[in-house]
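# Examining the three-dimensional arrangement
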Amino acid sequence: MKLSTKDVFTLITGASSGIGKALAEACARRGMNLALVALPGAELSETADYLRYTYHVKVYHLGVDLTQAEAYEEVLEWINQHHLPVNMLINNAGIGCTGAFETFSSEFYFKQIQLNVVALTLLTRLMFSELKKHPKAYIFNVGSLSGFFSVPFKDVYAATKAFVISFSESLRHELQDTGIHVSVLCPGGVNSNAETAKRLKHHGWFAQASALTCEQVAEEAIEKLLQKESVVIPGRWNRLFMMLDKIVPAFITNIIIRSEFKRCAMAI
Ligand SMILES: NC(=O)c1ccc[n+]([C@@H]2O[C@H](COP(=O)([O-])OP(=O)(O)OC[C@H]3O[C@@H](n4cnc5c(N)ncnc54)[C@H](OP(=O)(O)O)[C@@H]3O)[C@@H](O)[C@H]2O)c1
């Protein structure tokens, strides 16, 4: 049975604030129903209420900590319990950091890898049979520009995003003859919350000039996802940077990136 946009749902993780909330709004604006997942709290239910009343779409929400092993099953049970036909999965939840490797505890790195890598992979796996039911389905993973580079002072974060890009690209090729399309979103600096805004202030002119708002990222991201662009890099400056990277020798790129992130790490 073919379902219309009115009957299907987009599941978004980390949807209570920042880029995830803006992605949810960009979907709602297009009449897409939503299943929102984030840490439990008032922000999540307020976001759900706002989107429901502003855009007249169906919005369900679940507060759950995706760093917990039982969380993925909980999300699936919730989807099944409410009979939500999910044809789009947006894996957005993730945590960043900037600082020397030894600044952060092993507990922090465990949590970062758990959320950025394990939750994204296992939620994709668990939602797979649901996505396969639809003639057209989408998986949209949120990576980062940092995933394309070696990034000192963001070592583990950049490595988790390199995983997201590699996993998304491999899965996209694997599923090319099926109805499931996979894209990866790779933003540069985004003013998504107080911490990222503070970090951006300590970067040089390029990072300041290329920084985008969550709304700019989300609007471009959803438009390009629906056009089935495989790697979505929002913002002209960021795309220019990626083009220059193809012609500039790697050792120069590495010097620029190191000095940029060292300056930021020392300042915060
Ligand atoms: N901001 C940037 O400059 C930037 C650049 C490139 C890529 N990205 C990526 O974009 C994504 C969103 O980033 P953002 O800056 O918008 O982050 P954010 O403002 O910190 O929002 C993160 C979202 O994830 C949720 N979340 C955090 N920990 C969670 C957990 N354990 N379980 C479930 N949900 C959790 C948060 O819920 P609460 O609000 O309840 O905490 C929030 O909804 C991340 O994957 C990030 O790596 C960001």
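Attention in this report is confined to the structure presented alongside it. (Residues numbered from 1 in each chain as written. Predicted model: local features only at pLDDT ≥ 70, side-chain atom pairs only at ≥ 80, totals over all residues.)

## A short note on the pairing of strand β6 (residues 180-185)
Regular strands place their side chains on alternate faces of the sheet. Relative to β6, strand β5 (residues 137-142) runs parallel, the two being bridged by 6 bridges. Paired with Ile 139 across the bridge in β6 is Val 182. As for the winding sense of the linkage, the β-α-β connection from β5 through helix α5 (residues 155-174) to β6 is right-handed. In the sheet, β6 pairs with strand β7 (residues 231-232) via 2 bridges, with the strands oriented parallel. Pairing of Val 184 across the sheet is with Val 231, part of β7. (Pairing = 2+ DSSP bridges. Helix = DSSP H or I, 4+ residues; strand = E, 2+ residues; numbered from the N terminus. Right-handed = clockwise from strand over helix to strand, strands pointing away.)

## Details of helix α1 (residues 18-29)
Between its first and last C-alpha atoms α1 spans 17 Å; for 12 residues at 1.5 Å apiece the expected length is 16 Å, and the two agree. Regarding α1, the residues found buried are Gly 18, Ile 19, Gly 20, Lys 21, Ala 22, Leu 23, Ala 24, Glu 25, Ala 26, Cys 27 and Ala 28. Among the structural elements, β1 (9-13), β2 (33-38), α2 (42-55), β4 (86-91), β5 and α8 (214-226) are those in contact with the buried residues of α1. Of the residues trailing α1, Gly 31 is marked for its positive phi of about 80 degrees. (Expected span 1.5 Å × (residues − 1). Buried ≥ 20, exposed ≤ 12 C-beta atoms within 10 Å, placed from the backbone. Contact = placed C-beta atoms within 7 Å.)

## What about the site of the ligand?
Near the ligand lie 28 residues; those nearest to it are Gly 14, Gly 18, Leu 39, Gly 94 and Ser 192. With 3 residues, the top contributor of residues to the shell around the ligand is α1. Looking at the shell around the ligand residue by residue, the classes come out as 11 nonpolar, 15 polar and 2 charged. (Near = placed C-beta within 6 Å. Nonpolar A, V, L, I, M, F, W, Y, C, P; charged D, E, K, R; others polar.)

## Section: the sheet that holds β7
An order of β3-β2-β1-β4-β5-β6-β7 is seen for the 7 strands of this open sheet, with the pairing classed as parallel. The sheet is open, and its two borders are formed by β3 (59-63) and β7, each paired with just one other strand. Lying over the sheet, α1 contacts β1, β2, β4 and β5, oriented at roughly 170 degrees with respect to β1. (Axes fitted to C-alpha atoms, helices over the stretch in contact; angles between N-to-C directions.)

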